[in-house]
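Structural features, examined
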Amino acid sequence: MSLSEAEIIEKLKEIDTPTISNVVATYPGNELCLELYDPWYGGWYTDSTIHCIFPELGVRVGYVATVVFSLKYRKQPSLDKWALLDHIEETKKPVVLVAQQMFPPDIAKRVGLFGGMMSTLYKALGVVGVITDGPIRDIDEIRETGLQYYATGVTPAHGEFVEVAVGVPVTVGGLSVKPGDMVHMDRQGVVKFPPSKMEEILKNAEKMLEREEEQRRILTDPQFSLAKFKASAEHK
């Protein structure tokens, strides 16, 4: 019996992000790897410039909504004040908001843009995680919401800022996404993939974990030898 989309997402949450990455693109040539992106230059996973703020909250999987934040400039056209919230509302659930911050270098590390009330609102709209390339604040309040965050760190304040684009392609921490992409995130990073591939990714990831467990049994066997290891590899 085939699984529903919601059931697939729940099962994907039982798997770590590096394993998902192995299936998505990390090991081209492996029969279980779908080779969806160039493994080095595909912009399909996060780099070390952003990190998991709440590692204890576990895995999050969701559909991407996007926004770009910046300073307010005099000649800059204004977005409708509900544009971002409408975009989140219209995105399939669960939602992971990917927010690119475009601030001058001298203040970029001081923009504590996401806080407790904003996170509470996002959760009410079906957001389960946020990925951004700037700091956040109110981390105790945010932790209580259960939202997972990838960010550069924390800072206690910010000045005036505006949303300059919503529902557009963005790049955050080396990850390039567009609305409707799917992301898998845990304490080790974030990986994207097309939603149409989620069931195949789940099946291949489960098979890969089974193979790793079999290999682990060989490696931890008191009678382990390199000859036995080579022989087992030849039979794959």
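In what follows, the structure referred to is the one given above.
A short tour of the structure in this document, coming up. Keep in mind the model is a prediction, meaning the values are calculated, not measured.

**Digging into the pairing of strand 5 (residues 148-151)**
Covered by surrounding structure in strand 5 are Gln148 and Tyr150 together with Tyr149 and Ala151, the residues of both alternating faces. Relative to strand 5, strand 1 (residues 51-52) is paired through 2 bridges, and the arrangement is antiparallel. When the bridges of strand 5 are listed, histidine 51 appears paired with alanine 151. Pairing analysis gives 3 bridges linking strand 4 (residues 127-132) to strand 5, with the strands arranged parallel. Bridge pairing in strand 5 links glycine 129 to glutamine 148.

**Section: the side chain of glutamine 100**
Assignment of secondary structure puts glutamine 100 in strand 3 (residues 95-102). Engagement of the side chain of glutamine 100 in a polar contact is seen with the backbone nitrogen of threonine 171, the distance being 3.2 Å. Not counting residues up to four positions away in its chain, the partners in contact with glutamine 100 are Val67, Val68, Phe69, Asp133, Val170, Thr171 and Val172.

**Focus: helix 2 (residues 17-26)**
For helix 2, the buried fraction is high: 8 of the 10 residues fall into the buried class. Every buried residue belonging to helix 2 is among Thr17, Thr19, Ile20, Ser21, Asn22, Val23, Val24 and Ala25, and all of these are buried. The inward-facing, buried residues of helix 2 abut helix 1 (5-12), strand 9 (182-186), strand 10 (189-193) and helix 7 (198-220).

**Quick look at helix 1**
Along helix 1, the positions that sit buried rather than exposed are Ile8, Ile9 and Leu12. In a view along the axis of helix 1, the buried residues occupy a sector of 100°, so they form one face of it. Packing partners of the buried residues in helix 1 comprise helix 2, strand 2 (60-70), strand 9, strand 10 and helix 7.

**Re the environment of tyrosine 149**
Structurally, tyrosine 149 is set in strand 5. A sequence separation of 94 residues divides tyrosine 149 from proline 55, and the C-alpha atoms of the two residues are 9.0 Å apart. Every residue in contact with tyrosine 149, bar those within four places of it in the chain, is listed here: His51, Cys52, Ile53, Phe54, Phe114, Ser119, Val130, Ile136 and Ile142.

**Comments concerning the packing of helix 2 against helix 7**
Relative to each other, helix 2 and helix 7 sit at 115°, their axes nearing to 9 Å. Regarding the angle of helix 2 to helix 7, the classification is roughly perpendicular. In this structure, the crossing between helix 2 and helix 7 has a hand that is right-handed. Along its contact with helix 2, which presents Thr19, Ile20, Asn22, Val23 and Val24, the element helix 7 presents Ile201, Asn204, Ala205, Met208, Leu209 and Glu212.

What counts and how
- Residues numbered from 1 in each chain as written.
- Predicted model: local features only at pLDDT ≥ 70, side-chain atom pairs only at ≥ 80, totals over all residues.
- Heavy atoms only, no water.
- Buried < 20%, exposed > 50% of the residue type's maximum accessible area, 1.4 Å probe, protein only.
- Helix = DSSP H or I, 4+ residues; strand = E, 2+ residues; numbered from the N terminus.
- Pairing = 2+ DSSP bridges.
- Polar contact = N/O pair within 3.5 Å; in protein donor to acceptor, adjacent residues only side chain to side chain.
- Contact = heavy atoms within 4.5 Å.
- Arc of directions from axis to C-beta.
- Axes fitted to C-alpha atoms, helices over the stretch in contact; angles between N-to-C directions.
- Parallel < 35°, antiparallel > 145°, perpendicular 65-115°, else oblique.
- Left-handed = near helix turned anticlockwise from the far one by under 90°.

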